[in-house]
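The chain contents come next:
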Amino acid sequence: MDVRDAVDADAEALAAVADAPVRAMRRLIRDRTVRLATADTGSDPHADAPADDEPVLGFVGFDVRDGVLHVTRLGGTETAVRRLLEEPLRFASAEDLPVEVLVLESETPLCDAVEHVGFDRVGHGPRFEGSPTVRYVLDETG
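About the cut-offs
- Residue positions within a chain follow its written sequence, with the count starting from 1.
- Local features in a predicted model are, by the rule used here, given only for residues with pLDDT of at least 70; side-chain atom pairs are given and counted only at 80 or more, and totals for whole chains, interfaces and linings are based on all residues.
- Think of the side-chain values as coming from all heavy atoms in the structure, minus any hydrogens and water.
- When a carboxyl oxygen of Asp or Glu is within 4 Å of a side-chain nitrogen of Lys or Arg, the pair counts as a salt bridge.
- The helix and strand labels rest on DSSP assignments: H or I over at least four residues marks a helix, E over at least two residues marks a strand, and numbering proceeds from the N terminus.
- Between buried and exposed lies partly exposed: a residue is buried under 20% and exposed over 50% of the maximum accessible area for its type, with that area taken using a 1.4 Å probe on protein chains only.

> Describe in detail the pattern of salt bridges, supporting the description with residues and values.
Using the criterion set out here, one finds eleven salt bridges in the structure. Between R83 and E86 there is a salt bridge; the shortest N-O distance is 3.3 Å. Placement of the pair is R83 and E86 together in helix α3 (residues 78-95), with a separation of three residues, close to one helical turn. Its relative accessible area of 27% is what places R83 among the partly exposed residues. Here E86 falls in the partly exposed class, since its relative accessible area comes to 37%. Taking the shortest distance from any N to any O, the salt bridge between E100 and R135 comes out at 2.8 Å. Taken as a pair, E100 in strand β5 (residues 99-104) and R135 in strand β7 (residues 131-138) lie far apart in primary sequence, 35 residues in all.

So this is what it looks like as C-alpha cells:
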C-alpha cells in the first residue's frame, strides 16, 4: 500500500470511495490536508498525478482548529483507514495536539479502524445528513 498527498486529479476517485460529489472532494483536497492510500502497483508514490491503474483504497482529510486536529473526512477499506490514520496522528503527536474524529454510526468498519488505532469513543456526535455519528478522541498530550 502506498500513501501520498491527494491532488485535484484524485477528486473523482475520492468521490467514488466516499460516495460524495466530485465537487465536494475537490474542495476537500484544496481546503484540507488529504492523504490517500493506493494499491501498490509499482508506480512512483511521489508522482504529482495519479496513475491510471492506481486504485484508491482510502483517504483521510484533516485540519487543525482551536488547538485540536480534526479528522474531517475518512473513507475506504478498514486496512487502508488504519494506515491512513497514522498520518494525522504523527502530525498531532509532533505538535502535541489532541485528535478528534466523527464517524457515521453505520460505518462499522471505520469505527473498528478508529478504535483499533487507539481512539476512545466519547459519545455521539452531531447528525450528518440525518445520520447519527460517533465521536472519538485520542489525547496523548497529557
